[in-house]
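# A look at the structure
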Amino acid sequence: MNNDNHHPLSHSLIALSTAFHEYNPLFISTFHSLLLLNGVDCIITKERSTSEQGAGEELHKDDDDDDDDSARPGQEKDLRTPPPLLLVHYILPISKCKIVGTIVYYHYKSNNSVAIVIDDGTGHCDCIGWSSTVQPLLLLPAAQDHHDQHNDHQIDAMGLCQVGDIVEVQGAIKVLSLEKKIMVQHMMEHAGGTTNVYEGWSCFRELQIHSIRKVTNVNDEILHWLSCLQFQKRIGLRLLQGQRNEMNTDDDDDDDAAVLDEVVDVQEQLMKVPVWNGLETLQSLPSEDEQIFIRSLIGGSDEHSPVLFKDQYERYFVQYYGRNCKCELIYKDSLLYCHCLATKEPLDPKFIFRDALLSKLVEMEKECIVMEKENELLSKDVHGAASRLNDKSSVKRLEFQYSKVFCDEELNDLAKQVVSMTKDPGINRKRLYTNTFRHLRNDGIVYLIDDRTDSYLLLSKDNVLLPEMIQYEIENDQWNYQQKILAASTSNMMCCPPQLPKFLQRSLSSAKLRLLQRLAKRQRSI
């Protein structure tokens, strides 16, 4: 991808940065030092070196001297003087921030809003909030009715804020007016040292409140200051290759030492995570070859994607279960089901009872198949091989009744253990059975054949789903062939297209049907 024409303030790249969407911790002094560049509020930083810091201090000193000279009486300021030129090292566009400070002023307005002034020790910030955001939490003394004054302890009990309380405010940065024009010169290292000059403005701003929270822990304000310092140091941080290797390598020599280092070096590891703008994020994206590799992992349709699986149809299972699926279950392959696809049940959050139930049903199906094979052998010996064609019991499907599962002693004991910590284990045990079967029906694992006898059909892949899908595909091909013949013969006779069985139409999801169609196509081609 050609990035030569891109720069940090390109509107097509700004939103790539996570810092543009997050509530970044800022000092109020940093909030007021933002520059408006290309219509976006930006944090600008300089090169972190001793020589440049000294040069920067001299630059600011010269600027202060110029300001003092311009303010001397008897001297007129030249309006044609060009704006000052500011050399910057990094530009980070932001739109939201988080500040922590003390409420020092408030004012309710006629448009159902309230203006608040926050002081964090580095400056004052004007904040504006609407009644839907601030009113449930903020109660200022002068807004109370003089005939119904609340005591301080009553106000604290309600969790409301007063003047003098420390609050955490999150909101969007809004520009009120322009103050001073500043030219910003930025050198981009990725473009061979190309220098861009932007027209910037220092502005008067306010914070539009999205949320406000009263700080009850005395350490929160200190932690906010630490977060602000860390955020400023992480802006534009470039990781060296050695640092990347250090972050990706684990020391397995001593487990206790590794755990201790993990606890001690949390802040150190955090400082190694950079905060990038949209341009840096674009440059960190994978190359074209890496994108082809990633598309092949997620089952991309790119014709140049390499086949990275043992079987080309294995990618269909990755698409169905998801790339992050690590479930190793007995019934996963036979039922096309796992924890990643299962509907959650509050009484069985770890799927302990459901795993045991499905494993039991799979065993019952295997026993049923063995019995049917024995019956087939007996029927061949007694009545001949042709008799089994008319024997409906030779269909290898598991049909069972709810009562048979409900009366199973092993499942009952396990259900009692699962709900033993609930308030009413007796009722919750029956509720666990009912909810589990309802979830299995909705997930397409069992199908209710007869509601009067509570008879169910286990929808297994090899014995039910795949044979029915193959039969449907064959009938559909025959129907399409007949339609071509009828169209060629100009006949008005039309026949209805084949339909899927009801348990396939009503129970299965579109993703599962799509997987079965691909598996049926593969099975027919073998």
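Note that the structure is predicted; figures quoted are calculated from it, not measured.

Counting secondary structure elements, the protein chain contains 19 helices and 13 strands. For the protein chain, contacts bridging at least 24 residues in sequence account for 68% of all contacts bridging at least 6. Carbon and sulfur atoms form 51% of the exposed surface of the protein chain, whose accessible area is close to 32200 Å².

Here we take up the packing of aromatic side chains. In total, this model carries 12 aromatic pairs according to the counting rule given. An aromatic cluster of at least three residues, connected via ring pairs, comprises F353, F400, Y402, F406, Y433, F437 and Y456. Over the ring of Y321 we find K332, and its NZ or CZ is 4.6 Å from the ring centre.

It is worth spelling out the sheet that holds strand β13 (residues 455-458) at this point. Overall, antiparallel pairing links the 3 strands, which are arranged β11-β13-β12 in an open sheet. Every other strand in the sheet has two partners, leaving β11 (399-401) and β12 (446-450) as the edge strands with one partner each. The sheet shows a mean angle of 35 degrees between the axes of neighbouring strands, taken without regard to direction. Bridging between β11 and β13 involves 3 bridges; their strand directions are antiparallel. Pairing of F400 across the sheet is with Y456, part of β13. Along the sheet face, helix α16 (residues 425-442) touches β11, β12 and β13 and points at about 100 degrees away from the line of β12.

Before going further, it helps to spend a moment on the side chain of K332. Inspection of the secondary structure assignment puts K332 in helix α12 (residues 332-335). Only 3.1 Å separates the side chain of K332 from the backbone oxygen of C327, close enough to count as a polar contact. In this view, K332 contacts Y321, C325, C327, Y337 and C338; residues no more than four positions away in its chain are not counted.

Relative to strand β8 (residues 124-130), strand β7 (residues 113-119) runs antiparallel, the two sharing 7 bridges. By the bridge assignment, I118 is partnered in β8 with C125. Looking at chain direction, β8 and strand β10 (residues 194-214) are connected through 2 bridges and run parallel. Note on β10: the bridge partner recorded for C127 is L207.

Now for the confidence of the model for the protein chain. In this model, the protein chain carries a mean pLDDT of 75, and residues with pLDDT of at least 70 account for 68%. Below pLDDT 50 for its whole length, residues 135-159 participates in 41 contacts with residues either more than four positions away or in separate chains. Low pLDDT, under 50, characterises residues 385-394; the stretch is placed with 8 contacts to residues that sit more than four places away or in other chains.

Moving on, we come to the nonpolar core. Within the largest apolar cluster, 30 residues are counted, with the highest numbers of intra-cluster contacts made by L361 and F400. Of all the secondary structure elements, the ones that give two or more residues to this core are α13 (352-383), α14 (402-406), α15 (409-418), α16, β12 and β13. Here the element with the most residues in this core is α13; it accounts for 6 residues. Not counting residues up to four positions away in its chain, the partners in contact with L361 are L398, F400, V405, V446 and L458. Membership of the second largest hydrophobic core comes to 27 residues, among which are F31, Y90, V114 and C161.

A contiguous nonpolar surface patch, about 280 Å² in accessible area, is contributed by L85, L87 and V197. Looking at the secondary structure, you find L85 in strand β4 (residues 85-88). According to the relative accessible area criterion, L85 is partly exposed, its value standing at 44%.

Rules used throughout
- Residues numbered from 1 in each chain as written.
- Predicted model: local features only at pLDDT ≥ 70, side-chain atom pairs only at ≥ 80, totals over all residues.
- Heavy atoms only, no water.
- Helix = DSSP H or I, 4+ residues; strand = E, 2+ residues; numbered from the N terminus.
- Contact = heavy atoms within 4.5 Å.
- Areas by Shrake-Rupley, 256 points an atom, 1.4 Å probe, with all protein chains shown as cover.
- Phe/Tyr/Trp six-rings, centres within 6.5 Å; stacked < 30°, edge-to-face > 60°.
- Lys NZ or Arg CZ within 6 Å of the ring centre and 35° of its normal.
- Pairing = 2+ DSSP bridges.
- Axes fitted to C-alpha atoms, helices over the stretch in contact; angles between N-to-C directions.
- Polar contact = N/O pair within 3.5 Å; in protein donor to acceptor, adjacent residues only side chain to side chain.
- pLDDT = per-residue confidence, 0-100.
- Core = buried A, V, L, I, M, F, W, Y, C linked by side-chain atoms within 4.5 Å.
- Buried < 20%, exposed > 50% of the residue type's maximum accessible area, 1.4 Å probe, protein only.
- Patch = residues over 30% accessible without salt bridge, like charges linked within 9 Å, V, L, I, M, F, W, Y side chains within 5 Å.
- Salt bridge = Lys/Arg side-chain N within 4 Å of Asp/Glu carboxyl O.

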